[in-house]
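Analysis of the macromolecular model
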Amino acid sequence: HMGIGEELLKRSKKKLLMIASEDLYYATLNPSQAALMLYGIAPPTPKETVKLLEEVFVKKEKILEQKYVNTLSRIIGFFKDMEHGKLKNISGAEVDEIIKDVEAYLKRIKKLFNQIEKKREKENFTLLNNAILNTTRGALANANIKTSNLHLGMKKYCRQEGLPESLAEDFKIFEKSKKDFKSNKITKAELEKIKRQLRTYLRILEEHQQKKEFLEASKSK
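A few points on the structure. What you see is a predicted model; the values in this text were computed from it and never measured.

What counts as what
Residues numbered from 1 in each chain as written. Predicted model: local features only at pLDDT ≥ 70, side-chain atom pairs only at ≥ 80, totals over all residues. Heavy atoms only, no water. Core = buried A, V, L, I, M, F, W, Y, C linked by side-chain atoms within 4.5 Å. Buried < 20%, exposed > 50% of the residue type's maximum accessible area, 1.4 Å probe, protein only. Helix = DSSP H or I, 4+ residues; strand = E, 2+ residues; numbered from the N terminus. Contact = heavy atoms within 4.5 Å. Phe/Tyr/Trp six-rings, centres within 6.5 Å; stacked < 30°, edge-to-face > 60°. Salt bridge = Lys/Arg side-chain N within 4 Å of Asp/Glu carboxyl O. Axes fitted to C-alpha atoms, helices over the stretch in contact; angles between N-to-C directions. Parallel < 35°, antiparallel > 145°, perpendicular 65-115°, else oblique. Left-handed = near helix turned anticlockwise from the far one by under 90°.

Let's shift gears to the nonpolar core. Grouped together as the largest cluster of nonpolar side chains are 27 residues, with contacts concentrated most on Leu53, Phe57, Leu64 and Leu112. For this core, the secondary structure elements donating two or more residues are helix H1 (2-39), helix H2 (46-60), helix H3 (66-83) and helix H4 (92-142). Looking at this core, the element that brings in the most residues is H3, giving seven residues. Leu64 has contacts with Leu53, Phe57, Val58, Val69, Arg108 and Leu112, leaving out every residue within four places of it along the chain. Phe125, Leu150, Leu163 and Tyr201 belong to the second-largest nonpolar core, a separate cluster that totals 25 residues.

The final tally for this structure, using the stated rule, is five aromatic pairs. Ring geometry for Tyr39 and Phe57: centres 5.5 Å apart, planes at 85 degrees, overall edge-to-face. You can see Tyr39 sitting in helix H1 and its partner Phe57 sitting in helix H2, a full 18 residues away along the chain. By relative accessible area, Phe57 is classed as buried at 0%. For the pair Phe171 and Phe174, a centre-to-centre distance of 5.6 Å together with 55 degrees between the ring planes defines the contact as tilted.

Quick look at the pattern of salt bridges now. Summed over the entire model, instances satisfying the criterion amount to ten salt bridges. In this structure, Glu65 engages Arg108 in a salt bridge whose closest nitrogen and oxygen atoms are separated by 2.8 Å. Highlighted residues: Glu65 in the loop between H2 and H3 and Arg108 in helix H4, separated in sequence by 43 residues. We classify Glu65 as partly exposed; its relative accessible area is 36%. In this structure Arg108 comes out as buried when scored by relative accessible area, which is 7%.

The description of two packed helices rests on the angle between their axes and on the distance between the axes. At a minimum axis separation of 13 Å, helix H5 (residues 150-161) and helix H7 (residues 188-220) run at an interaxial angle of 45 degrees. Regarding the angle of H5 to H7, the classification is oblique. For the crossing formed where H5 meets H7, the hand is left-handed. Judged by residue contacts, Met154, Tyr157 and Glu161 of H5 engage Tyr201, Leu205, His208, Gln209 and Lys212 from H7.

Attention now goes to the environment of Glu169. When you line up the elements, Glu169 lands in helix H6 (residues 166-182). For Glu169, a relative accessible area of 34% corresponds to the partly exposed category. With 18 residues separating them along the chain, Glu169 and His151 place their C-alpha atoms 7.7 Å apart. The residues touching Glu169, leaving out its near neighbours within four places in the chain, are His151 and Lys155.

In short, shape yes, function no, at least from these values alone.
Here it is as C-alpha cells:
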C-alpha cells in the first residue's frame, strides 16, 4: 500500500506536468496557427509559428503586442523541456499561473481574428471599389459622356445605351456604402448584400461593353 501511494503521487505530479505542457501547448499553438492561416499563410510548423506571429502581426501589421508572442514562446518552451526530460516537476501554483497566461492569450487571439477579418474586408472592399470606379469611368468614356458626377453620368449612360436606370441607382448605393464603410455604420450582413449588388452591376456593365466591342468589330469586318 505504501508503494501504491508513492506511485500515485508520482502519477499526480506527472499529470500536472502534462497539463502544463502538452494540453496548454496545443491550447495556444492551434489558435496561433489558425490566425496565421486566416491571414493567408500556409499551416506553419510549431517552430515557425512563433517567428511568423511576431513578423506578421507584431512587426508588419502592428496589431498584436509582443507579450503575447512571448507567452506562446514560453508555453512551447515548457512543452519542449518536458518532452526532452529537462522538466520533471511543476507545482500546482505554477500550473495555475500558466493557465491564467493561456486564458489571457486565447482572449487576445480571439480579438486578433476579428482584426484580421476586418482587414480582409477592407482590402476586398477596396478592390471592389477600384473595379467599380474604373469600369464606370471606362463605360462613360467609351460612350463619350464627360462628367465629374459619375451618378448623373450613369443616368445618361443608361438612357443612351438602353440599359435599366436601376444601374445608376446601384452606383448611388455604392457611393453611400463607401462612406458608411469608412465610418463603420454598416453591418456585415448589409455589406455582403451590397457586394452582391455591386458584382451584378459590374457584370452587366462589362457584358454590355464586350457586346459593343463585338458589334463594332463585326461592323469593321
